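What the coordinates show
Okay, here's what each chain looks like letter by letter:
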Amino acid sequence: MAIIESVPNISEGIRTDVVARIADALGAVSGVRVLDVQSDATHNRSVLTLAGDAAGLRQAIPRLVSMTMEAVDLRTHRGEHPRLGAVDVVPFIPIEGATMADCVALARDIGKDVADRLGVPVYLYEEAAQRPDRRNLEDIRRGEFEGLAAKMSSKDWAPDFGPGQPHPSAGASVIGARMPLIAYNINLNTDRVEVAKKIAAAIRHSSGGLRYVKAMGIKLEDRNLAQVSMNLTNYQKTPIFRVFEMVKREAERYGVSILESEIVGLVPSAALVSSAEFYLQLERFGSEQVLETTLRE
């Protein structure tokens with residue numbers, strides 16, 4: 001069976017009972033497994049990790065969108081993370097026995113189905129994008145829900161599928177296909193959010209920093225901490241340890257240290273092994289030396 005991963009991000013991270021109901025409903029779909037659910041109250045956002053075949057995901061994602069639309073109203077939603085829709089972004093990722101072309105076709109089919117059945121405008125992004133200026137999620141999401149109506153009034157921002165204006169409470173959704181990424185956050189030992197924003201600007205690729213790094217600085221109000229929130233889009237070419245070391249050095253410029261870091265959702269084991277190799281200065285170390293890897297062979 002071909003296995004495809006999907007990592008929907010929904011704009012609800014406070015009411016965990018709502019998120020749990022949605023996750024339970026997705027887990028009941030034949031051919032789909034819910035591998036992980038992580039909610040963040042400060043971001044007011046949850047990340048669900050699903051894996052399954054194309055047929056199962058065709059059932060699960062419209063169910064996800066429908067249930068989230070019933071529970072989330074962006075007109076009253078507040079959170080630190082940028083968002084365009086109640087179901088903000090839904091990527092499909094080839095894992096085993098599936099190609100990127102399979103994921104592109106699935107994203108386009110489900111995007112059209114969601115728009116037709118539920119009346120939500122859908123934009124296609126990354127490998128599924130039908131226009132080069134829509135590959136980048138940040139470009140589509142710029143202006144967020146509050147600026148979406150004005151943005152969509154321009155013919156340049158007509159959706160790929162669905163109505164030409166935002167859904168009143170659910171906004172729009174972004175659906176696409178991509179390779180695996182790592183959601184990685186570093187919490188600083190300070191409440192100075194301006195420091196986190198300066199560090200984010202220094203390390204993200206769009207500002208001249210590390211390739212394959214997207215970053216923003218935010219304030220964790222509940223913990224009174226500043227955070228550098230990142231997506232690492234190619235952990236092989238820009239590994240976690242390199243990002244950590246650059247954030248550490250940038251923070252030192254402002255007299256700030258790193259308190260802790262976190263990974264949101266699932267992570268390839270190779271990304272952690274490479275960090276172990278770096279920090280332990282391991283010589284001639286291979287993945288076959290990892291006990292669990294050898295036992296699975």
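Everything below is about the structure shown above.
Residues numbered from 1 in each chain as written. Predicted model: local features only at pLDDT ≥ 70, side-chain atom pairs only at ≥ 80, totals over all residues. Heavy atoms only, no water.

Another aspect to go through is the packing of helix α6 (residues 193–203) against helix α7 (residues 240–252). Direction vectors running N to C along α6 and α7 enclose 135 degrees, while the axes themselves pass 10 Å from each other. Taken together, the axis directions place α6 and α7 in an arrangement best described as oblique. Read as a crossing pair, α6 and α7 show a hand that is right-handed. Together, I199, A202 and I203 of α6 and M246, V247, E250 and A251 of α7 make up the contact between the two elements. (Axes fitted to C-alpha atoms, helices over the stretch in contact; angles between N-to-C directions. Helix = DSSP H or I, 4+ residues; strand = E, 2+ residues; numbered from the N terminus. Parallel < 35°, antiparallel > 145°, perpendicular 65-115°, else oblique. Left-handed = near helix turned anticlockwise from the far one by under 90°. Contact = heavy atoms within 4.5 Å.)

All right, on to the pattern of salt bridges then. Within this structure, the stated rule accounts for 20 salt bridges. R83 serves as the salt-bridge partner of E144, at 3.4 Å between the closest nitrogen and oxygen. Note that E144 is positioned in the loop between α4 (137–141) and α5 (148–152) and R83 in the loop between α2 (54–71) and β5 (87–96), a separation of 61 residues in sequence. For R83, a relative accessible area of 3% translates into the label buried. Here R253 and E250 are joined by a salt bridge, their closest N and O atoms 2.8 Å apart. Since its relative accessible area comes to 57%, R253 is described here as exposed. Ionic contacts of the salt-bridge type, sharing partners, join the residues R45, D88 and R141 into one network. (Salt bridge = Lys/Arg side-chain N within 4 Å of Asp/Glu carboxyl O. Buried < 20%, exposed > 50% of the residue type's maximum accessible area, 1.4 Å probe, protein only.)

Look at Q281: it is not a glycine, yet its phi comes out positive at around 55 degrees. Following the sequence through the fold, Q281 ends up in the loop between α8 (269–280) and α9 (291–296). Phi at R284 is positive, roughly 55 degrees, even though this residue is not glycine. Structurally, R284 is set in the loop between α8 and α9. The class for R284 is exposed, based on a relative accessible area of 71%.

The next subject is the nonpolar core. Membership of the largest hydrophobic core comes to 40 residues, with the highest contact counts inside it found for I4, I10, L26, L57, I61, L64 and F92. Listing elements by their share of this core, those giving two or more residues are α1 (16–27), β4 (45–52), α2, β5, α3 (100–118), β6 (122–126) and β7 (173–177). A total of seven residues in this core trace back to one element, the largest contributor, which is α3. Not counting residues up to four positions away in its chain, the partners in contact with L57 are I4, S6, V32, L50, G52, P62, F92, L106 and I110. In terms of nonpolar packing, the next biggest core, distinct from the first, is built from 23 residues, I182, V228, Y235 and V256 among them. (Core = buried A, V, L, I, M, F, W, Y, C linked by side-chain atoms within 4.5 Å.)

All told, the structure shown has four aromatic pairs when counted by the stated rule. Aromatic pair F244 and Y279: ring centres 6.4 Å apart, planes at 90 degrees, arrangement edge-to-face. You can see F244 sitting in helix α7 and its partner Y279 sitting in helix α8, a full 35 residues away along the chain. Each residue in the set F241, F244, F278 and Y279 is aromatic and connected to the rest through ring pairs, giving one cluster. Looking at R211, its charged tip hangs above the ring of Y212, at a distance of 4.4 Å from the centre. (Phe/Tyr/Trp six-rings, centres within 6.5 Å; stacked < 30°, edge-to-face > 60°. Lys NZ or Arg CZ within 6 Å of the ring centre and 35° of its normal.)

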